[in-house]
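In case you want the letters, here they are:
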Amino acid sequence: MQPLQEWDWRRFLILLTRYWWWPVLTCVGALTAAWIYLRYTLALYKTETVIQIDLSSGSDLSGRSEHSLYAFPVEGLAESYMELFSTHDVILSVVQALELDQVVYSIGKFGKHLLFPSPFRLEISPDQDRFLTTYGRLWKVVLRPDSSYTLYTGESAQLSGKLGKWKDKDTFLVRLVPKIEAISPGTYLLQCIPLEEVVGYWQGRITVAPKRGLTVLSITVIDYSPSRLYQFSRALLDRARSYEQNIRKRHYDRALRYVDTLLNRTVDEIKRLNDTLLRFEMNSDMAIIPTRRQKALALFSELEPLSYKLQLQGIQLLLQQVQAKRDSLLQHPDSGITPLALSTLPSESMPGELVAEVNRLIAQRMDLLEIYQPNAPIIKSLSQKILATLNTILKELKEYQRTLLHSEELKHQEWLSQRQVAYRDIQYERQLALMQENIALRRELYRSLLDRRIQLGIWKEATASLIRVNQPPSPAILVFPSKLHIYLLALAVGIISGIGGIFLKYVFDQKVSYRVDLEGSTPIPIIAEIPYSQKSHKGFILSNLQLEVLRSLRNALSFLWEPDQPRLVTITSTVSGEGKTFAAYALAYAYAITGSRVLLIDADLRRSSLSHWAGYYQEGLSLLLNYAGELSYTTISKFIHPLVTEGLFLLPAGPNAPNPAELIGSANLPKIIQALAPHFDYIIIDTAPLGLVSDALPIIQHHPFTIILYVFRSDYSRLPFLRHLSQLIQQYHLKKIYLLFNGTKLSRPRYGYGYGYGYYSSEYGNGYYRSSVQKTSFWQRLREQLPL
């Protein structure tokens, strides 16, 4: 089987409307499978709780207080609350409260079903874990109406007893405690799970995510049991709120411990600073700093730099005057000199008696010069005294100048020393002020920490939960499997499978089933359809409906005969088995029952089905085609045999010939037809299949007036045969060739000529004319509307 090479939407739509029940059947099967899957698969449910962290009632931890020194950021709180609901301790407390470490299933005909709350609980003393490790964690419990039970591990019974009564098992005490009032008798499955496994299971089933900002959280829990899921969500919320208060108290405890640590450090720091301050005061003699400062100020006041400079200037001027007087007296003894000017020198710095003496001598000399000559002895003696006195004054002035300079130098050095001490004292005072300020800050910090500790202690005692429930745990919602999604998927799979099957049939099954499969694809018109009949398989026996179709075919052919030409019909097909021989006999029979003389020629020299059916094997057409003499009707009639039906005759094929194609193509065949035409009203030739051999082509070429009926058989002939037929028509320029569709079913769509009257069929004429009372199916109406 070869797949179709060209895509034909029209044929695919025909198959789709024809096999519509395939997708319907696959959809029904897929939906049934989906129902079974949903019925027995383990469903998954979820609940959602929305909470809000109310920071307005816990501003002490929110970090919003302007004066809070030790605040907790909102981001840290949000992360802590997100981790809170999956904390091991919280989950463990919920598991222990709901007793989720033991799971009970009821065992029925169609599997097991989880029960919650559990109808009973297995209690073991003294060591439950060791008992379960020894005997197993999966138990089958058979409970009887009289409250007695038997525990099985596998198929072996381990323990029997009464509900609520302790029972000895080796070194253990075991009892089955009822948890509800009325427990239905039956078989149960008890599974004991380690606590850590249960906690790990529920931790993996909890999802916490921010819903709006960082303070509104969504808590989603997933489980297989709706009732257990709802109870777990409520218990989780309660336990988390209680655990959250403990967390906040632990936050306060950590804060208090930290504040206490800071307080102790601050006290130690204050003590250390006080000791340092004391040692600094002692080492720097802070107590006598005011005395040293007064001494320095007194020394500074004694310096009087202006008086010191005036004295030096006066002494210098006096020295210059004395020197000038002395030089003038030495160089010009006869000249007069003026007294010394003492206005530039303070009186306390002058050699008073000497200066007064020299001024007196100078005045006396001036008086004597008016009387005596400069060379006079008295004048000279007086000049000598003046010179001696001036020299003495010069010596004393220089000594006084050196004494003054030395005294001022000593005072200046002492002042520099005192000034350095003064600046050092100032530095000490600044260091002392910084130390005192640091001590004051530490004392202020101590008071602040003490107030904060009191405040934290008050907040700790007044701790309330910050969790506000915006949305309580919602009822369990089915998460998996989604019924809508499963059914839609099953429906899609069913539709795809059904249409896929039709597509595969379209691709790989190229058989022609209905007339509509040929219309639009065949290069020749369809002249008639011969319906299928069970009688046809028993021989050349025609049903009433087939006869009616043949009558319609006979009437149709009456419009195709050429005048003054023999009424010759050549029947062929593509391959053997398509019913060309049956069609030839049926058409001949249809003409014969009208009283016409009909000759049926078996020109299929290779198989000769007609001849075998009639029982003529030794003589026939093959001998006539080899006949060398004159072919007259008298000669030919010796090979013609009448059949059962009056007016129907058969020219058999004759014995098998080694060269059938050459015999058919010989010149004797046209002579035979010409000789027979005047003696018969219709001549019908059954030829070999054109798709296998070319035996029929010489007949068609020698008799262009012949009507060619090309037979296609329903559910046997293939679409590629139409391409072969088109090639034959184009290659040999065949005319007057029509397609005869054979073997159609009454239960299938029928279109075209003749389907019987009244009691033969519910339809008359062709498929386009229907009774006004007749009802049509939806698919028939759909096929009529589609462009098929």
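Residues numbered from 1 in each chain as written. Predicted model: local features only at pLDDT ≥ 70, side-chain atom pairs only at ≥ 80, totals over all residues. Heavy atoms only, no water.

(A) Quick peek at the overall build of the chain. For the chain, the helix and strand inventory stands at 24 helices and 22 strands. Buried positions account for 43% of the 788 residues belonging to the chain. Split by element, the accessible area of the chain, about 42200 Å² in all, is 55% carbon and sulfur. (Helix = DSSP H or I, 4+ residues; strand = E, 2+ residues; numbered from the N terminus. Buried < 20%, exposed > 50% of the residue type's maximum accessible area, 1.4 Å probe, protein only. Areas by Shrake-Rupley, 256 points an atom, 1.4 Å probe, with all protein chains shown as cover.)

(B) Seen up close, the packing of aromatic side chains. Across all of its chains, the model carries 20 aromatic pairs by this definition. Centroid distance F131 to F172: 5.2 Å. Interplanar angle 70 degrees. Geometry classified as edge-to-face. Linking F131 in helix α6 (residues 128-135) with F172 in strand β9 (residues 172-178), this pair joins segments that are 41 residues apart in sequence. The two residues F131 and F172 agree in class, both being buried. Site record: aromatic cluster; members linked through ring pairs are F131, Y135, W139 and F172. Directly above the ring of F680 sits R597, whose terminal nitrogen or CZ lies 4.7 Å from the centroid. (Phe/Tyr/Trp six-rings, centres within 6.5 Å; stacked < 30°, edge-to-face > 60°. Lys NZ or Arg CZ within 6 Å of the ring centre and 35° of its normal.)

(C) Here's a closer look at the pairing of strand β21 (residues 707-713). Burial of β21 is extensive: 6 of the 7 residues sit out of reach of the surface. Bridge count for strand β16 (residues 568-573) against β21 is 5 bridges, and the pairing is parallel. The partner of I571 across the bridge, within β21, is L709. (Pairing = 2+ DSSP bridges.)

(D) Summary view of the packing of helix α5 (residues 88-98) against helix α7 (residues 195-204). Between α5 and α7, whose axes approach to 9 Å, the crossing angle comes to 110 degrees. One way to sum up the angle between α5 and α7 is to call them roughly perpendicular. In this structure, α5 crosses over α7, and the sense of that crossing is right-handed. Contacts between α5 and α7 involve H88, I91, L92, V95 and Q96 from the first element and L195, E196, V198, V199, W202 and Q203 from the second. Taken together, the residues of the contact of α5 with α7 sort by class into 7 nonpolar, 3 polar and 1 charged. (Axes fitted to C-alpha atoms, helices over the stretch in contact; angles between N-to-C directions. Parallel < 35°, antiparallel > 145°, perpendicular 65-115°, else oblique. Left-handed = near helix turned anticlockwise from the far one by under 90°. Contact = heavy atoms within 4.5 Å. Nonpolar A, V, L, I, M, F, W, Y, C, P; charged D, E, K, R; others polar.)

(E) Quick peek at the sheet that holds strand β8 (residues 167-169). Within the open sheet, the 3 strands sit side by side as β4-β9-β8. Their pairing is antiparallel. The strands lining the two open edges of the sheet, one partner per strand, are β4 (120-125) and β8. Across the sheet, the axes of successive neighbouring strands diverge by a mean angle of 30 degrees, strand direction being ignored. Bridge count for β4 against β9 is 6 bridges, and the pairing is antiparallel.

(F) Fine view of a nonpolar patch on the surface. A grouping of L31, L484, L488, L491, I495 and I499 is seen on the molecular surface, where their side chains present a nonpolar patch of about 470 Å² in accessible area. If one sorts the elements of the nonpolar patch by residue count, helix α13 (residues 483-508) sits on top with 5 residues. Structurally, I499 can be placed in helix α13. The class of I499 is partly exposed, set by a relative accessible area of 32%. (Patch = residues over 30% accessible without salt bridge, like charges linked within 9 Å, V, L, I, M, F, W, Y side chains within 5 Å. Salt bridge = Lys/Arg side-chain N within 4 Å of Asp/Glu carboxyl O.)

(G) Examining the pattern of salt bridges more closely. All told, the structure shown has 19 salt bridges when counted by the stated rule. Of the charged contacts, one joins R121 and D101 as a salt bridge, the two residues approaching to 3.0 Å between their closest N and O atoms. Linking R121 in strand β4 with D101 in the loop between α5 and β2 (102-108), this pair joins segments that are 20 residues apart in sequence. Both residues of the pair, R121 and D101, belong to the buried class. Between D260 and R453 there is a salt bridge whose closest N-O contact spans 2.3 Å. Separated by 193 residues along the polypeptide, D260 in helix α8 (residues 226-283) and R453 in helix α12 (residues 377-461) bring together distant segments of the chain.

(H) The arrangement of the sheet that holds strand β7 (residues 156-162) in detail. Spatial ordering of the open sheet is given by β3-β2-β10-β5-β6-β7, a layout of 6 strands whose pairing is antiparallel. Since the sheet does not close on itself, it has two edges, and those belong to β3 (111-115) and β7, each with one partner. Strand-to-strand, the axes of this sheet are offset by a mean angle of 30 degrees, without reference to chain direction. Along the sheet, α6 contacts β2, β5 (138-143), β6 (148-153), β7 and β10 (186-192); its crossing angle with β5, the most-contacted strand, is approximately 90 degrees.

(I) The arrangement of the environment of Y224 in detail. Its location among the elements puts Y224 in the loop between β12 (216-223) and α8. The exposure class of Y224 is partly exposed, given its relative accessible area of 31%. Residues Y224 and L478, spaced 254 residues apart in sequence, show a C-alpha to C-alpha distance of 9.3 Å. When residues no more than four places from it in sequence are discounted, the contact partners of Y224 are L42, A43, L44, Y45, Y201 and R205. Among the polar contacts made by the side chain of Y224, one reaches the side chain of R205 at a distance of 3.3 Å. (Polar contact = N/O pair within 3.5 Å; in protein donor to acceptor, adjacent residues only side chain to side chain.)

(J) Highlighting the packing of α5 against α8. At a closest axis distance of 9 Å, the pairing of α5 and α8 adopts a crossing angle of 130 degrees. As far as their axial angle goes, α8 and α5 are oblique. You can see that α5 and α8 cross each other, and the crossing is right-handed. Residues D89, V90, I91, S93, V94, A97 and L98 of α5 pack against Q231, F232, A235, L236, R239, A240 and Y243 of α8. The residue makeup of the contact of α5 with α8, split by class, is 10 nonpolar, 2 polar and 2 charged.

(K) Highlighting the pairing of strand β19 (residues 648-651). Judged by which residues are buried, β19 turns out to be covered on both faces: L648 and L650 on one side and F649 and L651 on the other are all buried. As defined by bridge partners, strand β17 (residues 598-602) adjoins β19 across 4 bridges and the pair is classed as parallel. Bridge pairing in β19 links L600 to L650. Where strand β18 (residues 641-642) folds back onto β19 in an antiparallel hairpin, the turn is made up of 5 residues, including G647, whose phi is positive at roughly 90 degrees.

(L) Spotlight on unusual backbone geometry. Cis peptide bonds are those with omega within 30 degrees of zero, and the linkage from F116 to P117 qualifies with 0 degrees. Among the structural elements, P117 can be located in the loop between β3 and β4. For the bond from F480 to P481, the omega torsion is -5 degrees, close enough to zero to count as cis. Inspection of the secondary structure assignment puts P481 in the loop between β14 (477-480) and α13. Even without glycine at this site, H733 takes up a positive phi of about 55 degrees. Structurally, H733 is set in the loop between α23 (720-732) and β22 (737-744). In this model, K736 sits at a positive phi of 50 degrees, which is unusual for a non-glycine residue. Among the secondary structure elements, K736 is positioned in the loop between α23 and β22.

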